[in-house]
Amino acid sequence: MESKAKVTFVRIAPRKVQIVLDLIRNQPANKAMAILKHTPKAACEPLMKLLKSAMANAENNYNMDVSKLYVASCQVDQGPTLKRIRPRAQGRAFRINKKTSHITLVLKEME
(Lines give C-alpha, C1' and ligand atoms only; values in the text may rest on other atoms or scores of the structure.)
Protein backbone atom coordinates (compact mmCIF):
# COMPACT_ATOMS: atom_id res chain seq x y z
CA MET A 1 0.00 0.00 0.00
CA GLU A 2 1.36 3.41 -0.92
CA SER A 3 0.24 7.00 -0.73
CA LYS A 4 1.14 9.39 -3.53
CA ALA A 5 1.07 13.18 -3.81
CA LYS A 6 2.08 15.33 -6.76
CA VAL A 7 2.54 19.05 -7.29
CA THR A 8 2.96 20.52 -10.77
CA PHE A 9 4.21 23.79 -12.22
CA VAL A 10 6.19 24.84 -9.11
CA ARG A 11 8.18 27.96 -10.02
CA ILE A 12 11.59 26.65 -8.92
CA ALA A 13 14.31 24.96 -10.97
CA PRO A 14 14.40 21.14 -10.78
CA ARG A 15 18.12 21.13 -9.89
CA LYS A 16 17.39 23.10 -6.73
CA VAL A 17 14.54 20.76 -5.75
CA GLN A 18 16.68 17.65 -6.39
CA ILE A 19 19.22 18.72 -3.73
CA VAL A 20 16.52 18.78 -1.05
CA LEU A 21 14.84 15.56 -2.26
CA ASP A 22 18.15 13.72 -1.81
CA LEU A 23 18.09 14.71 1.87
CA ILE A 24 14.65 13.20 2.60
CA ARG A 25 14.68 10.07 0.38
CA ASN A 26 14.18 6.82 2.42
CA GLN A 27 13.66 8.78 5.67
CA PRO A 28 10.72 8.32 8.06
CA ALA A 29 7.99 10.87 7.31
CA ASN A 30 8.26 12.75 10.62
CA LYS A 31 12.07 12.94 10.33
CA ALA A 32 11.72 14.15 6.71
CA MET A 33 9.37 16.88 7.94
CA ALA A 34 11.95 17.97 10.54
CA ILE A 35 14.71 18.01 7.90
CA LEU A 36 12.58 20.19 5.60
CA LYS A 37 11.67 22.53 8.47
CA HIS A 38 15.33 23.21 9.36
CA THR A 39 16.91 23.31 5.89
CA PRO A 40 17.37 26.86 4.55
CA LYS A 41 16.44 26.19 0.92
CA ALA A 42 13.66 27.72 -1.18
CA ALA A 43 12.47 24.26 -2.28
CA CYS A 44 11.65 23.24 1.31
CA GLU A 45 8.38 25.18 1.52
CA PRO A 46 6.54 23.49 -1.40
CA LEU A 47 8.06 20.12 -0.40
CA MET A 48 6.77 20.49 3.16
CA LYS A 49 3.25 21.15 1.85
CA LEU A 50 3.57 18.15 -0.48
CA LEU A 51 4.74 15.86 2.35
CA LYS A 52 1.83 17.00 4.55
CA SER A 53 -0.55 16.27 1.68
CA ALA A 54 0.88 12.78 1.12
CA MET A 55 0.63 12.04 4.87
CA ALA A 56 -2.99 13.22 4.91
CA ASN A 57 -3.74 11.06 1.84
CA ALA A 58 -2.22 8.03 3.58
CA GLU A 59 -4.22 8.60 6.76
CA ASN A 60 -7.60 9.51 5.26
CA ASN A 61 -7.72 7.55 2.00
CA TYR A 62 -5.73 4.40 2.81
CA ASN A 63 -6.08 4.13 6.64
CA MET A 64 -2.31 3.90 7.07
CA ASP A 65 -0.53 4.55 10.37
CA VAL A 66 1.16 7.97 10.11
CA SER A 67 3.92 7.04 12.59
CA LYS A 68 5.06 4.13 10.35
CA LEU A 69 5.27 6.09 7.08
CA TYR A 70 8.52 6.67 5.23
CA VAL A 71 9.45 8.43 1.98
CA ALA A 72 9.68 5.47 -0.41
CA SER A 73 10.44 7.49 -3.52
CA CYS A 74 10.55 11.10 -4.58
CA GLN A 75 11.36 12.56 -7.96
CA VAL A 76 11.33 15.85 -9.77
CA ASP A 77 10.73 16.39 -13.49
CA GLN A 78 11.15 19.56 -15.47
CA GLY A 79 7.97 21.39 -16.39
CA PRO A 80 7.52 24.02 -19.09
CA THR A 81 10.01 26.89 -19.13
CA LEU A 82 8.73 30.47 -18.95
CA LYS A 83 10.73 32.56 -21.41
CA ARG A 84 11.27 36.20 -20.50
CA ILE A 85 13.28 38.95 -22.22
CA ARG A 86 15.55 41.49 -20.55
CA PRO A 87 16.67 44.58 -22.44
CA ARG A 88 20.45 44.92 -22.87
CA ALA A 89 22.81 47.51 -24.30
CA GLN A 90 22.49 48.82 -27.87
CA GLY A 91 18.95 47.53 -28.38
CA ARG A 92 19.77 43.88 -27.87
CA ALA A 93 17.61 41.47 -25.90
CA PHE A 94 18.75 38.88 -23.39
CA ARG A 95 16.62 35.81 -22.73
CA ILE A 96 15.85 34.69 -19.18
CA ASN A 97 14.52 31.14 -18.76
CA LYS A 98 12.38 30.65 -15.67
CA LYS A 99 12.16 26.91 -15.10
CA THR A 100 9.29 25.02 -13.46
CA SER A 101 9.13 21.63 -11.74
CA HIS A 102 6.74 18.71 -11.35
CA ILE A 103 7.40 16.95 -8.01
CA THR A 104 6.11 13.47 -7.04
CA LEU A 105 6.32 12.00 -3.54
CA VAL A 106 5.43 8.41 -2.56
CA LEU A 107 5.00 7.28 1.05
CA LYS A 108 4.87 3.65 2.17
CA GLU A 109 4.30 1.97 5.50
CA MET A 110 7.22 0.22 7.22
CA GLU A 111 6.73 -3.47 7.91
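Helix and strand counts for the protein come out as three helices and five strands. If you list the helices and strands of the protein from N to C, you get β-α-α-α-β-β-β-β. Against the 2.2 N^0.38 benchmark of 13 Å for 111 residues, the protein shows a C-alpha radius of gyration of 17 Å, more extended than a compact globule. Over its C-alpha atoms, taken along the principal directions, the protein stretches across nearly 65 × 25 × 15 Å. When the 111 residues of the protein are sorted by exposure, 35% land in the buried category. Contacts in the protein between residues far apart in sequence, at least 24 positions, make up 71% of those at least 6 positions apart. Taken as a whole, the protein presents about 7300 Å² of accessible surface, with 48% of it coming from carbon and sulfur. Distance between charge centroids for the protein: 20 Å, based on 21 positive and 8 negative side chains.

For Phe9, which is not a glycine, the phi torsion comes out positive at approximately 60°. Tracing the chain through its elements places Phe9 in strand S1 (residues 2-10). A positive phi is found at Asn63, a non-glycine position, where the angle reads about 55°. Along the chain, Asn63 falls in the loop between helix H3 (44-62) and strand S2 (69-78).

Moving on, we get to the packing of helix H1 (residues 14-24) against helix H2 (residues 29-37). Across the interface, H1 lies against H2 with an axial gap of 9 Å and an inter-helix angle of 140°. Classified by the interaxial angle, the pair formed by H1 and H2 is oblique. Pair H1 / H2 crosses with right-handed handedness. Mapping the contact onto sequence places Val20, Leu23 and Ile24 in H1 and Ala32, Ile35 and Leu36 in H2. Taken together, the residues of the contact of H1 with H2 break down into six nonpolar, no polar and no charged.

As a further point, take the sheet that holds strand S5 (residues 101-109). As a general point, the strands of a sheet are linked pairwise by backbone hydrogen bonds and lie either parallel or antiparallel. Here we have three strands laid out as an open sheet, ordered S1-S5-S2, and antiparallel in their pairing. Only two strands of the sheet have a single neighbouring strand rather than two, namely S1 and S2. When the angles between neighbouring strand axes are averaged without regard to direction, this sheet yields 15°. As defined by bridge partners, S2 adjoins S5 across nine bridges and the pair is classed as antiparallel. Along S5, the bridge assignment pairs Val76 with Ile103. The sheet strands contacting H1 are S2 and S5, and the helix crosses S2 at an angle near 165°.

Criteria and thresholds
- Residues numbered from 1 in each chain as written.
- Predicted model: local features only at pLDDT ≥ 70, side-chain atom pairs only at ≥ 80, totals over all residues.
- Heavy atoms only, no water.
- Helix = DSSP H or I, 4+ residues; strand = E, 2+ residues; numbered from the N terminus.
- Rg over C-alpha atoms; globule rule 2.2 N^0.38 Å.
- Buried < 20%, exposed > 50% of the residue type's maximum accessible area, 1.4 Å probe, protein only.
- Contact = heavy atoms within 4.5 Å.
- Areas by Shrake-Rupley, 256 points an atom, 1.4 Å probe, with all protein chains shown as cover.
- Lys, Arg positive; Asp, Glu negative; His and termini not counted.
- Charge placed at Lys NZ, Arg CZ, Asp CG, Glu CD.
- Axes fitted to C-alpha atoms, helices over the stretch in contact; angles between N-to-C directions.
- Parallel < 35°, antiparallel > 145°, perpendicular 65-115°, else oblique.
- Left-handed = near helix turned anticlockwise from the far one by under 90°.
- Nonpolar A, V, L, I, M, F, W, Y, C, P; charged D, E, K, R; others polar.
- Pairing = 2+ DSSP bridges.

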